[in-house]
Amino acid sequence: MSLPLFLPCAAGVEDWLAEEVATIVPEAAALQKRRGGVALEGGPHEVMKLNLECRLAQRVLIEVAEGPYAVEDDIYALGRAVDWTQWITPGHTLRVDTTATRSPLRSLNFVALRIKDAVCDALREAAGERPSVDTRHPDLPLLLHLGPQRASLYVDSSGEPLFKRGWREDKGDAPLKETLAAAMLAAAGWKGSAAEGGALHDPCCGSGTIAIEAAQIACGIAPGLKRRFAFERLLPFSDADSRAAWQRMKSHAQSRIHPSAVPIHASDISFRMVDFARRNAQRAGVEAAITFHGGDALERPPPPLDDSMPGTLILNPPYGERIEVGGKAARREIEPAADANRALPQDFFARLASHWKQAYTRHPAGWTAHVLSPDMKLPGAMRLKETRRIPMWNGPIECRLYRFDLVAGSMRKPAETSGPT
């Protein structure tokens, strides 16, 4: 069985996701980058491998029906066109979620009920019984997307979104999604080797998401190795051959785990958060790969590195829509602001850049810094000239990932120069 697959991702991540998918399933057919994700053709093998290995996608969706619609009855007919006996039995449960883009239909809840009715009617006719609805942990999660004129119905093979890696239990006030952390690392070109990124340091680590994601990359740990997926309960994946193939995939992923070839460091002003991060890293299997410290980002010295080892600073610093800044900077006068950086000390980023200039530009192999922020004027506030700015979304917050090359000499941004947006 080969069906159209779609892997949605955050806006702006499509290029890196397409590259990742091509690496995971190089034999996949019809691989296409689309707005908001990547499409390809695949069967059970591709579905299982993408769920296990993909870091950047939000889900692995299997398209089971697609067509035009004008009224709710067209949606019911779309659902009835699928042979649901190939997917579930009456003993399974289901849930239908609906999204829409400029749909003429008024009630998404009613449309979801029509798909539910289609599945239940099909099973009742075929087996004499109908499945039940489970809104929390369904065996068959369905996603219906309504465009202006056409609708697509998907089986969500992932179940819980893929950013839920299975190790996060201790959270801070504004935890970063693992998929966004992976996107930041991909955008920075950090791949866990001396040649591609070098050492890594997150001086505002919070509950440790960036450092843990980096350590799993450096250690070759598949992101889905510690969790379960919805496809494991569906009929196309329940035959003996599919179960054996799934066990082989997980065994192979387990066998390729290795020690990190580069040092990874994480620190935070809050010792409570450092403790959270350390416990999360232990559950993720990478505690030995990360060196944790407490300390203020404005004062912590860079990790000691061999002269030939480059370094990458990558951080998601506090900004007012997410979390208040702490540490030495928080004890200084804070001025109100109307933008997304409200409640931040006015000179926090300038002082952070000054600290970097004093401490990080001395390393022979050099450091690069990558900062995620919603402030479009961040380079000016830091008095740095960015070498790249990449649009990214932190949930509903539009951000930029700024790259700064930390070199000796003046770091002041020239007044007449501006970077691309």
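What you see is a predicted model, and the numbers here were worked out from it, not measured in a lab. (Residues numbered from 1 in each chain as written. Predicted model: local features only at pLDDT ≥ 70, side-chain atom pairs only at ≥ 80, totals over all residues. Heavy atoms only, no water.)

## Observations regarding the nonpolar core
In step 1: Trp-84, Leu-142, Ile-290 and Trp-356 are the most contacted members of the largest nonpolar core, which totals 122 residues.
In step 2: With eight residues, the top contributor of residues to this core is helix 5 (residues 178–188).
In step 3: If we ignore the near neighbours within four places in the chain, the residues touching Trp-356 are Leu-313, Leu-315, Thr-361, Ala-369, Val-371, Met-382 and Leu-406.
In step 4: Grouped together as the second largest cluster of nonpolar side chains are five residues, Phe-6, Leu-61, Leu-143 and Tyr-154 included. (Core = buried A, V, L, I, M, F, W, Y, C linked by side-chain atoms within 4.5 Å. Buried < 20%, exposed > 50% of the residue type's maximum accessible area, 1.4 Å probe, protein only. Helix = DSSP H or I, 4+ residues; strand = E, 2+ residues; numbered from the N terminus. Contact = heavy atoms within 4.5 Å.)

## Regarding helix 1 (residues 14–24)
In step 1: By the burial criterion, the buried members of helix 1 are Glu-14, Trp-16, Leu-17, Ala-18, Glu-20, Val-21 and Ile-24.
In step 2: Residues of helix 1 that are buried sit in contact with strand 1 (3–8), strand 2 (29–34), strand 3 (37–42), helix 2 (44–53), helix 5 and strand 14 (388–394).

## So, the sheet that holds strand 5 (residues 93–100)
In step 1: Read across the sheet, eight strands follow the order 2-3-1-4-8-7-5-6 without closing on themselves; strand pairing throughout is mixed. For this open sheet the edge positions go to strand 2 and strand 6 (132–133), each flanked by a neighbour on one side alone.
In step 2: Here four bridges tie strand 2 to strand 3, and the two strands are oriented antiparallel to one another. Note on strand 3: the bridge partner recorded for Arg-34 is Gly-37.
In step 3: Each of strand 5, strand 6, strand 7 (140–146) and strand 8 (150–156) is contacted by helix 4 (residues 108–127), which is oriented at about 145 degrees to strand 5, the strand it contacts most. (Pairing = 2+ DSSP bridges. Axes fitted to C-alpha atoms, helices over the stretch in contact; angles between N-to-C directions.)

## Here we look at the confidence of the model for the protein chain
In step 1: Overall, the predicted model of the protein chain reaches an average pLDDT of 90, with 89% of residues at or above 70.
In step 2: Every residue in residues 321–344 scores below 50 in pLDDT, and together they form 54 contacts with partners more than four places removed in sequence or on other chains.
In step 3: Across residues 410–421, where pLDDT falls below 50, the model places 24 contacts with residues more than four positions away in sequence or in other chains. (pLDDT = per-residue confidence, 0-100.)

## Observations concerning the sheet that holds strand 13 (residues 367–373)
In step 1: Taken together, seven strands build an open sheet; the order of strands is 11-10-9-12-13-15-14 and the sheet is mixed. Because the sheet does not close on itself, it has two edges, and the strands there are strand 11 (290–294) and strand 14. On average, each strand axis in the sheet is tilted by 20 degrees relative to the strand beside it, whichever way the strands run.
In step 2: As judged from the seven bridges shared by strand 14 and strand 15 (residues 397–406), these two strands associate in the antiparallel manner.

## Here's the deal with helix 3 (residues 72–80)
In step 1: Looking at helix 3, one finds that the buried residues are Ile-75, Tyr-76, Leu-78 and Gly-79. Each buried residue of helix 3 lies within a common arc of 155 degrees when the element is viewed along its axis, so the set occupies one face.
In step 2: On its buried face, helix 3 sits against strand 4 (61–68), helix 4, strand 7 and strand 8. (Arc of directions from axis to C-beta.)

## Here's the deal with the pattern of salt bridges
In step 1: For the structure shown, the criterion picks out 23 salt bridges.
In step 2: With a closest N to O distance of 2.7 Å, Arg-165 and Glu-213 form a salt bridge. Of the two residues, Arg-165 is situated in the loop between strand 8 and helix 5 and Glu-213 in helix 6 (residues 209–219); the sequence distance between them amounts to 48 residues. With respect to class, Arg-165 is no different from Glu-213; both count as buried. (Salt bridge = Lys/Arg side-chain N within 4 Å of Asp/Glu carboxyl O.)

## Quick word on the state of the cysteines
In step 1: All told, the structure shown has zero disulfides when counted by the stated rule.
In step 2: Free cysteine Cys-9: the closest other cysteine sulfur is in Cys-54, separated by 8.9 Å.
In step 3: Overall, Cys-9 belongs to the buried group, its relative accessible area being 6%.
In step 4: Free cysteine: Cys-205, not disulfide-bonded; nearest cysteine sulfur from Cys-204 at 8.4 Å. (Disulfide = S-S within 2.5 Å.)

## Some details on unusual backbone geometry
In step 1: For Ala-30, which is not a glycine, the phi torsion comes out positive at approximately 55 degrees.
In step 2: Inspection of the secondary structure puts Ala-30 in strand 2.
In step 3: Its relative accessible area of 48% is what places Ala-30 among the partly exposed residues.
In step 4: Of note in this structure, Arg-383 is not a glycine but carries a positive phi near 55 degrees.
In step 5: Mapped onto the fold, Arg-383 is located in the loop between helix 10 (378–382) and strand 14.

## Focus: the packing of helix 1 against helix 2
In step 1: The N-to-C vectors of helix 1 and helix 2 enclose an angle of 125 degrees; their axes lie 10 Å apart at closest approach. Considering the angle they form, helix 1 stands oblique to helix 2. For the pair helix 1 and helix 2, the sense of crossing is right-handed. Facing helix 1, whose interface residues are Glu-20, Val-21 and Ile-24, helix 2 presents Lys-49, Leu-50 and Glu-53.
In step 2: Tallied by class, the residues present in the contact of helix 1 with helix 2 amount to three nonpolar, no polar and three charged. (Parallel < 35°, antiparallel > 145°, perpendicular 65-115°, else oblique. Left-handed = near helix turned anticlockwise from the far one by under 90°. Nonpolar A, V, L, I, M, F, W, Y, C, P; charged D, E, K, R; others polar.)

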